[in-house]
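Here's the letter readout for the chains.
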Amino acid sequence: MIYVSRQIKVNEGRARHDPRLGRGEVWQGLVMKARNTLQYVPGVSYCEVLEQSGAGLVRDIEFRGQRARERVTFRAPERITFLRLSGRVEGLIVEEITGPDDDLVVRASFALQLADVASDSLEAYEFRSSMELDYFKTVAPAVAAMRRIASAQR
């Protein structure tokens, strides 16, 4: 099992002209990312929402040529959980909004396992490395997209 967690301070290092994001804007951005991950996650070439409700959605994705189904659960306004229901990779990803309103943090964590590979194998190590690079590259662009939307609405 691969366990990784990273966080980014949402309003740290922003340009003077960039809006300061509030909890609601960050939440809406994470929901938008969950509904259509194509714009945010390198390696995802397909994303279709199959079911949707106020509590979440079920979607099919293709990541690096591998199809998977995920149940995405919304715990507004603080957490989105992505549970793998099918595919070669088992486990879950959690995106959380933490911290006080004047110092918001987005934390992305995952616990994943290749279903047919030993945890201590070279393939598992390479998988972990590529997942860290691909997945955590998505957080900063997602925050930038949230800023663009916030700027347009203000």
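As a starting point, this report considers the structure included with it. What you see is a predicted model, and the numbers here were worked out from it, not measured in a lab.

**Re the pattern of salt bridges**
All chains considered together, the criterion is met by 14 salt bridges. With its nearest N and O atoms 2.7 Å apart, the salt bridge here joins arginine 59 to glutamate 70. Highlighted residues: arginine 59 in strand 3 (residues 56-63) and glutamate 70 in strand 4 (residues 66-75), separated in sequence by 11 residues. By the burial criterion, arginine 59 is buried, and glutamate 70 matches it. Taking the shortest distance from any N to any O, the salt bridge between glutamate 132 and arginine 128 comes out at 3.2 Å.

**Some details on empty space enclosed by the protein**
Where empty space is left becomes clear once a probe the size of a water molecule has been rolled over the atoms. For the structure shown, the criterion picks out 2 cavities of 30 Å³ or more. Estimates place the volume of the largest cavity at around 160 Å³. Thr37, Val41, Arg59, Ile93 and Tyr135 are, among the 15 residues lining the largest cavity, the residues nearest its centre. No other element matches the 3 residues that strand 3 contributes to the lining of the largest cavity. Classifying every residue of the lining of the largest cavity by side-chain character gives 9 nonpolar, 1 polar and 5 charged. Of the voids in this model, the second largest cavity is the one considered here, and its volume is about 60 Å³.

**Points about the pairing of strand 2 (residues 44-53)**
Two strands pair when backbone bridges link them, and strand 2 and strand 3 are joined in this way by 8 bridges, in the antiparallel orientation. From the neighbouring strand, glutamine 52 faces strand 3, where its bridge partner is leucine 57. Where strand 2 folds back onto strand 3 in an antiparallel hairpin, the turn is made up of 2 residues.

**Details of the environment of glutamate 51**
Along the chain, the position of glutamate 51 falls in strand 2. Spatially, the C-alpha atoms of glutamate 51 and arginine 79 are 19 Å apart, while their sequence positions differ by 28 residues. Aside from chain neighbours lying at most four places away, what touches glutamate 51 is Gly56, Leu57 and Val58.

**So, unusual backbone geometry**
Residue alanine 76 is joined to proline 77 through a cis peptide bond whose omega torsion reads -10°. Looking at where proline 77 falls in the secondary structure, it is placed in the loop between strand 4 and strand 5 (79-86). The phi angle at arginine 64 is positive, at roughly 50°, despite the residue not being glycine. Here arginine 64 is to be found in the loop between strand 3 and strand 4. By relative accessible area, arginine 64 is classed as partly exposed at 37%.

The rules behind these values
- Residues numbered from 1 in each chain as written.
- Predicted model: local features only at pLDDT ≥ 70, side-chain atom pairs only at ≥ 80, totals over all residues.
- Heavy atoms only, no water.
- Salt bridge = Lys/Arg side-chain N within 4 Å of Asp/Glu carboxyl O.
- Helix = DSSP H or I, 4+ residues; strand = E, 2+ residues; numbered from the N terminus.
- Buried < 20%, exposed > 50% of the residue type's maximum accessible area, 1.4 Å probe, protein only.
- 1 Å grid on protein atoms, 1.4 Å probe; cavity = no way out; pocket = protein on both sides within 12 Å on 5 of 7 lines; lining within 4 Å.
- Points joined across faces, edges and corners; volume = space filled by probe spheres on them.
- Nonpolar A, V, L, I, M, F, W, Y, C, P; charged D, E, K, R; others polar.
- Pairing = 2+ DSSP bridges.
- Contact = heavy atoms within 4.5 Å.

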